[in-house]
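Listed below, chain by chain, are the residues.
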Amino acid sequence: MNVKILYTTNCAITIHFCKGHELASAEWGHRCTNLQDAIDMSKYILRYIYPDSATSIAIWDGNTGEALAEIKRDE
C-alpha cells in the first residue's frame, strides 16, 4: 500500500546539525509547495547532502510557522 500526503502549503525546511558543527541549524533555501515533497527533500538532504553532520530536519508551514513534521536520522 502506498500513501501520498497531499497537504499543500508553503513548506520550509530547517536542518539541525550535530554538536561541534559550525552551525546549530540552518534554513534550507528552497521551499516546497507540499508536505510530501518537503519530506522527500528532507530525506535526500539527510542521506546525500549532509550525511555526517545533520541530525534531524524540521518541516514547518512557511505562512503560519506551524510545525508539520520532523525527520530524524535512523540510529
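Anything mentioned here points back to the structure above.
An account of the accompanying structure is given in this report. What you are looking at is a predicted structure, and each value in this text was computed from that prediction instead of being measured.

A few points about the nonpolar core
Working step 1: Core analysis: the largest hydrophobic core is formed by 14 residues, its most contacted members being Cys11, Ile13, Ile15, Ala38, Ile57 and Ile59.
Working step 2: If you list the elements that add at least two residues to this core, you get strand E1 (8–17), helix H1 (35–49) and strand E4 (54–61).
Working step 3: Counting residues per element, this core draws most heavily on H1, which supplies 5 residues.
Working step 4: If we ignore the near neighbours within four places in the chain, the residues touching Cys11 are Arg31, Cys32, Asn34, Leu35, Ala38, Ile59, Trp60 and Leu68.

Thoughts on a nonpolar patch on the surface
Working step 1: Together, Met1, Val3, Ile5 and Tyr7 give the surface a local cluster of nonpolar side chains, amounting to about 500 Å² of exposed area.
Working step 2: Looking at where Met1 falls in the secondary structure, it is placed in the segment before E1.
Working step 3: Residue classification places Met1 among the exposed residues on the basis of a relative accessible area of 99%.

Criteria and cut-off values
Residues numbered from 1 in each chain as written. Predicted model: local features only at pLDDT ≥ 70, side-chain atom pairs only at ≥ 80, totals over all residues. Heavy atoms only, no water. Core = buried A, V, L, I, M, F, W, Y, C linked by side-chain atoms within 4.5 Å. Buried < 20%, exposed > 50% of the residue type's maximum accessible area, 1.4 Å probe, protein only. Helix = DSSP H or I, 4+ residues; strand = E, 2+ residues; numbered from the N terminus. Contact = heavy atoms within 4.5 Å. Patch = residues over 30% accessible without salt bridge, like charges linked within 9 Å, V, L, I, M, F, W, Y side chains within 5 Å. Areas by Shrake-Rupley, 256 points an atom, 1.4 Å probe, with all protein chains shown as cover. Salt bridge = Lys/Arg side-chain N within 4 Å of Asp/Glu carboxyl O.

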